[in-house]
Amino acid sequence: MDADIVNRELSIARKAIGWWQRQGWIEGDPTIGIERRPAPPDRTKSLAENQIAALWRLDVALREKTQWKMLYESAARADEVLCLNVEDLYPQDKRGRITAKGGATEWIHWQSGTAQLLPRLIARRTRGPLFLTDRKAPAGTPTLDVCPETGRSRLSYRRAEEIFEENTRLLANPLASPDDIEDLDGWTLHRLRHSALTHDAEGGTSTPMLPARSRLASVRSLERYARPGVDAVARHVAERAPAAHRRR
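Sequence order as written defines the numbering, with residues in each chain counted from 1. Confidence filtering applies because this is a predicted model: local features only for residues at pLDDT of at least 70, side-chain atom pairs given and counted only at 80 or more, and all residues used for totals across whole chains, interfaces and linings. With hydrogens and water excluded, all non-hydrogen atoms of the structure serve as input to the side-chain values.

1. Comments concerning the overall build of the chain
Under the convention used in this document: The helix and strand labels rest on DSSP assignments: H or I over at least four residues marks a helix, E over at least two residues marks a strand, and numbering proceeds from the N terminus. The classification of residues rests on relative accessible area computed with a 1.4 Å probe and restricted to protein chains. Under 20% of the type maximum is buried, over 50% is exposed, and intermediate values are partly exposed. The contact criterion used is simple: two residues touch if any of their non-hydrogen atoms lie within 4.5 Å. A 1.4 Å probe and the Shrake-Rupley method give the accessible areas. Residues count as covered only by the protein chains that appear here.
Across its full length, the chain holds eleven helices and five strands. Across the 248 residues that make up the chain, the buried fraction comes to 36%. Once local pairs closer than 6 in sequence are excluded, the contacts in the chain between residues at least 24 apart make up 54%. Counting every atom, the chain has about 15400 Å² of accessible surface; 52% of that belongs to carbon and sulfur.

2. A word on the packing of aromatic side chains
Applicable threshold: A pair of Phe, Tyr and Trp rings is counted when the ring centres sit within 6.5 Å of each other, with Trp represented by its six-membered ring. The angle between the planes then sorts it: under 30 degrees is stacked, over 60 is edge-to-face, the rest tilted.
Enumeration according to the criterion identifies four aromatic pairs in this entry. Taken together, a centroid distance of 5.2 Å and an interplanar angle of 85° make the contact between Trp19 and Trp25 edge-to-face. Ring centres 5.0 Å apart and planes at 75° place the aromatic pair Trp68 and Phe164 in the edge-to-face group. With Trp68 in helix α3 (residues 62-74) and Phe164 in helix α6 (residues 157-167), this pair connects stretches of sequence that are 96 residues apart. Trp68 sits in the buried class, given a relative accessible area of 1%.

3. Some remarks on the nonpolar core
We count it as follows: Put simply, a nonpolar core is a bunch of buried Ala, Val, Leu, Ile, Met, Phe, Trp, Tyr and Cys residues held in one set by side-chain atoms that sit within 4.5 Å of each other.
Ranked by size, the top nonpolar core spans 34 residues in total, and within it Met70 and Leu130 carry the most contacts. Looking at this core, the elements with two or more residues in it are α2 (49-56), α3, α4 (78-82), α5 (112-122), α6 and α8 (190-202). No other element matches α3, which puts four residues into this core. Not counting the four nearest positions on each side in its chain, Leu130 is found in contact with Met70, Leu84, Asn85, Val86, Leu89, Leu118, Leu121, Ile122 and Arg125.

4. Here we look at a nonpolar patch on the surface
Heads up, the condition is: Every patch collects residues that have over 30% relative accessible area and no salt bridge, joining them within 9 Å if they carry like charges and within 5 Å if they are nonpolar side chains (Val, Leu, Ile, Met, Phe, Trp, Tyr). Any carboxyl oxygen of Asp or Glu that lies within 4 Å of a side-chain nitrogen of Lys or Arg is treated as forming a salt bridge with it.
A contiguous nonpolar surface patch, about 430 Å² in accessible area, is contributed by Trp19, Trp20, Trp25 and Ile26. Topologically, Trp19 is positioned in helix α1 (residues 3-22).

5. Quick look at the environment of Leu118
Within the secondary structure, Leu118 is located in helix α5. Note on Leu118: relative accessible area 2%, which makes it buried. Setting aside residues no more than four positions away along its own chain, Leu118 makes contact with Thr66, Met70, Leu89, Trp110 and Leu130.

6. Comments concerning the layout of surface pockets
Stated precisely, the cut-off is as follows: As defined here, a cavity is a set of points on a 1 Å grid over the protein atoms alone where a 1.4 Å probe fits but cannot get out. A pocket is an open set with protein on both sides within 12 Å along at least five of seven lines, and residues line them when an atom is within 4 Å of a point. Grid points are joined across faces, edges and corners, and a volume is the space filled by probe spheres set on the points. In the scheme used here, Gly and all other residues not listed as nonpolar or charged are polar, with Ala, Val, Leu, Ile, Met, Phe, Trp, Tyr, Cys and Pro taken as nonpolar and Asp, Glu, Lys and Arg as charged.
Computed from the structure, the second largest pocket encloses a volume of approximately 180 Å³. Lining the second largest pocket we find 15 residues, and of these Arg63, Leu121, Leu132, Asp134 and Arg152 sit closest to its centre. Within the lining of the second largest pocket, the residues separate by chemical class into eight nonpolar, one polar and six charged.

7. Concerning the side chain of Glu161
For Glu161, the location among the structural elements is in helix α6. If we skip the residues at most four places from it in the chain, Glu161 touches Arg8, Thr188 and Leu189.

8. Quick notes on the sheet that holds strand β3 (residues 105-109)
Within a beta sheet, neighbouring strands are joined by backbone hydrogen bonds and run either parallel or antiparallel to one another. As a reminder of what qualifies: Two strands qualify as a pair provided that DSSP identifies no fewer than 2 bridges between them.
Spatially, three strands are ordered β1-β2-β3 in an open sheet, and the strand pairing comes out antiparallel. This sheet does not close on itself; its edge strands, each paired only once, are β1 (89-90) and β3. The pairing of β1 with strand β2 (residues 95-99) spans two bridges and is classified as antiparallel. Each residue of the ladder has a partner; that of Tyr90, found in β2, is Arg95.

9. Describing the pattern of salt bridges
Any two side chains of opposite charge can pair if their charged atoms end up close together. Tallied over the entire structure, the rule returns twelve salt bridges. Of the charged contacts, one joins Arg8 and Glu9 as a salt bridge, the two residues approaching to 3.5 Å between their closest N and O atoms. Note on Arg8: relative accessible area 31%, which makes it partly exposed. Exposure remark for Glu9: the relative accessible area of 26% places this residue in the partly exposed category. Among the ionic pairs, Glu161 bridges to Arg8, the shortest N-O distance being 3.7 Å. Taken together, the residues Glu161 in helix α6 and Arg8 in helix α1 connect sequence positions 153 residues apart. Residues joined in a network through salt bridges with shared partners are Arg8, Glu9, Arg158 and Glu161.

In structure tokens, the structure reads:
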């Protein structure tokens, strides 16, 4: 696994262990001695516009189409979107109320792509998790994670990530053969947020609006998204080429 995945899993484990310790269930910390892996910056995290377009053309279920569109159009974190309930949505305003990182209640906003898909996904449901699994919830599933109208459970982050990764393997490896798909790695859901914010910056979104869209308090944290992506660099090179030829 790459450094980002290892560090994320380690962070999740340590939060759980801390809670177990506070409950008095365990005393020690089995992660002591395990160091976070250094993660060199990846300058290719932002997907190109043609890659995003190819993603929308994939033949996938309505649930995935809606979820991916919402993630890209809202620039929200995957866990925030997966925790949405039907009653948190305000379709007429193209927005939803989420519990953000740190526990704050905030708004996310989407565009027409998500707005067109949401009514079909929700159908006639009026409450419960927005994104559901295909099967009935197993016994013992927390009530908040079960749809009271269908009996199905909330789609987990892990499963949503698996589905996205599996479906994007050939997009992420355009020169690979479909026969090798089992050995390929696809994209992560976070790249949709990264791409949305990068494309916003490239499109001239104002400085005050970028922090509002990203909901990042630190300007320094925003810098990783505000870097020009591959499309912007390619356009810049293409626009400069004729002028360079004329000077010659």
